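If you want the building blocks of each chain, they are given just below.
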Amino acid sequence: MTMTELETPSLEAVGEAWSPDQMFKVRALTRAAIHEIAASCAPGMVEEDAVEMAHDILAAHGMVRGWHDVYVRFGPNTTKTFGEASDPGVVLGPDDIFLIDIGPVFEKWEGDGGDTFVTGANPTMAKAAVDARKLFHTVRKKWEAERATGHSLYDFAVAEAERMGWVLNMDLSGHRISEFPHEAHYAGPMADIDFTPSAGPLWVLEIHIRHPTEKFGAFYEDMLLDDSYFPDFKG
């Protein structure tokens with residue numbers, strides 16, 4: 001069942017602590033933490049140790065808590081859906097892929113972000129990491145240009161992923177973000193809304209792709225924002 005336009009105001013409600021400026025500060029902290037965690041991951045590391053290391057980095061940055069678990073997924077665990085436990089004891093290889101998905105709360109405000117990295121020169125894994133980012137921007141541009149609904153954005157994302165040679169995981173299909181907790185306003189996916197998600201730091205666009213036959217995937221997630229917030233994007 002999708003959400004109608006009549007429900008738009010309540011689904012995009014915010015609380016007294018809402019602050020776009022603070023949300024953007026938290027976005028910057030989140031993106032920086034992702035890259036610091038990635039730089040600390042190296043071949044030979046066990047995934048459980050990487051998760052513990054990620055917690056330490058986030059705590060050092062002032063994370064109060066996470067509104068969802070910290071995920072650092074290695075190799076075959078990159079195909080796991082949100083909330084699904086990783087297979088234990090997976091070691092990052094010298095020619096491998098890994099993803100990071102964090103949802104830190106800094107003071108009263110939520111961050112959320114993810115990205116994928118590779119350790120070697122496997123061309124298909126490298127393409128997966130690039131394509132997850134590319135698909136994120138392709139979907140984001142459709143929203144920006146056409147004012148597409150959440151539902152239609154993810155219908156489009158499914159088709160585009162298939163065209164690119166991947167399978168899109170619809171278990172990760174966007175959501176609200178706000179002062180903690182965003183679930184007080186709307187806990188469902190962006191893919192279920194039949195209105196155009198508003199501009200500004202209210203929504204997160206998630207892209208999780210999997211190889212159709214091999215056991216690895218790639219992930220990218222950030223706030224749903226216009227081009228001005230992505231100075232490195234070329235497209």
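Shown above is the structure to which this text applies.
Every value quoted in this text rests on a predicted model; they were computed, and no experiment measured them.

Definitions and limits used
Residues numbered from 1 in each chain as written. Predicted model: local features only at pLDDT ≥ 70, side-chain atom pairs only at ≥ 80, totals over all residues. Heavy atoms only, no water. Buried < 20%, exposed > 50% of the residue type's maximum accessible area, 1.4 Å probe, protein only. Helix = DSSP H or I, 4+ residues; strand = E, 2+ residues; numbered from the N terminus. Pairing = 2+ DSSP bridges. Polar contact = N/O pair within 3.5 Å; in protein donor to acceptor, adjacent residues only side chain to side chain. Salt bridge = Lys/Arg side-chain N within 4 Å of Asp/Glu carboxyl O. Phe/Tyr/Trp six-rings, centres within 6.5 Å; stacked < 30°, edge-to-face > 60°. Lys NZ or Arg CZ within 6 Å of the ring centre and 35° of its normal. Core = buried A, V, L, I, M, F, W, Y, C linked by side-chain atoms within 4.5 Å. Contact = heavy atoms within 4.5 Å. 1 Å grid on protein atoms, 1.4 Å probe; cavity = no way out; pocket = protein on both sides within 12 Å on 5 of 7 lines; lining within 4 Å. Points joined across faces, edges and corners; volume = space filled by probe spheres on them.

Caption draft 1: Inspection of the pairing of strand β10 (residues 217-223) at higher detail. In terms of residue burial, β10 counts as a mostly covered element, since seven of its seven residues are buried. Inspection of the sheet shows strand β9 (residues 203-210) paired to β10 by seven bridges, in the antiparallel sense. Counterpart to Val-204 in the pairing with β10 is Met-223. Remark: six residues form the turn of the hairpin made by β9 and β10, two consecutive strands paired antiparallel.

Caption draft 2: Structural context of the environment of Glu-84. The residue Glu-84 is located in the loop between β2 (71-74) and β3 (97-102) in this model. According to the relative accessible area criterion, Glu-84 is partly exposed, its value standing at 34%. Within the structure, Glu-84 has its side chain in polar contact with the backbone nitrogen of Thr-81 (distance 3.0 Å).

Caption draft 3: Examining the pattern of salt bridges more closely. For the structure shown, the criterion picks out 12 salt bridges. Across the salt bridge formed by Lys-127 and Asp-131, the nearest N and O atoms sit 2.5 Å from each other. Within this pair, Lys-127 and its partner Asp-131 are both found in helix α4 (residues 123-146), separated by four residues, close to a single helical turn. Judged by its relative accessible area of 40%, Lys-127 is partly exposed. For Asp-131, a relative accessible area of 3% translates into the label buried. For the salt bridge of Lys-141 with Glu-144, the shortest nitrogen-to-oxygen distance reads 3.7 Å.

Caption draft 4: Up close: the packing of aromatic side chains. Within this structure, the stated rule accounts for nine aromatic pairs. Each ring, one from Tyr-186 and one from Trp-203, has its centre 6.0 Å from the other, and the planes form 65°; the classification is edge-to-face. In this pair, Tyr-186 is assigned in the loop between β8 (175-176) and β9 and Trp-203 in strand β9, connecting sequence segments 17 residues apart. The exposure class of Trp-203 is buried, given its relative accessible area of 0%. Residue placement shows Arg-140 over the ring face of Phe-233; its charged tip is 5.0 Å from the ring centre. In this structure, Lys-142 packs its charged tip against the face of Phe-156, placed 4.7 Å from the ring centre.

Caption draft 5: View of the sheet that holds strand β4 (residues 104-106). Ordered by their spatial adjacency, three strands build an open sheet running β1-β4-β5, and the pairing between neighbours is antiparallel. At either end of the open sheet lies a strand with only one pairing partner, and these are β1 (63-66) and β5 (109-110).

Caption draft 6: Local environment of the nonpolar core. Grouped together as the largest cluster of nonpolar side chains are 63 residues, with contacts concentrated most on Ile-37, Cys-41, Val-72, Phe-74, Ile-100 and Ile-209. Sort the elements by how many residues they give to this core and α4 lands first, with seven residues. Setting aside anything within four residues of it in sequence, one finds Phe-74 in contact with Cys-41, Met-45, Val-46, Glu-47, Ala-50, Val-90, Val-91, Leu-92, Ile-97 and Phe-98.

Caption draft 7: Inspection of the pairing of β2 at higher detail. Burial along β2 is two-sided: the residues Tyr-71 and Arg-73 and Val-72 and Phe-74 are all buried. In terms of strand pairing, β2 meets β3 through four bridges, oriented antiparallel. Following the sheet pairing, Arg-73 is matched in β3 by Leu-99.

Caption draft 8: Quick look at empty space enclosed by the protein. Taken as a whole and judged by the stated rule, the model has one cavity of 30 Å³ or more. Every residue lining the largest cavity is listed: Tyr-71, Arg-73, Asn-77, Thr-78, Lys-80, Thr-81, Phe-82, Leu-99, Asp-101, Leu-172, His-208 and Phe-219. At the level of secondary structure, the elements contributing two or more residues to the lining of the largest cavity comprise β2 and β3.

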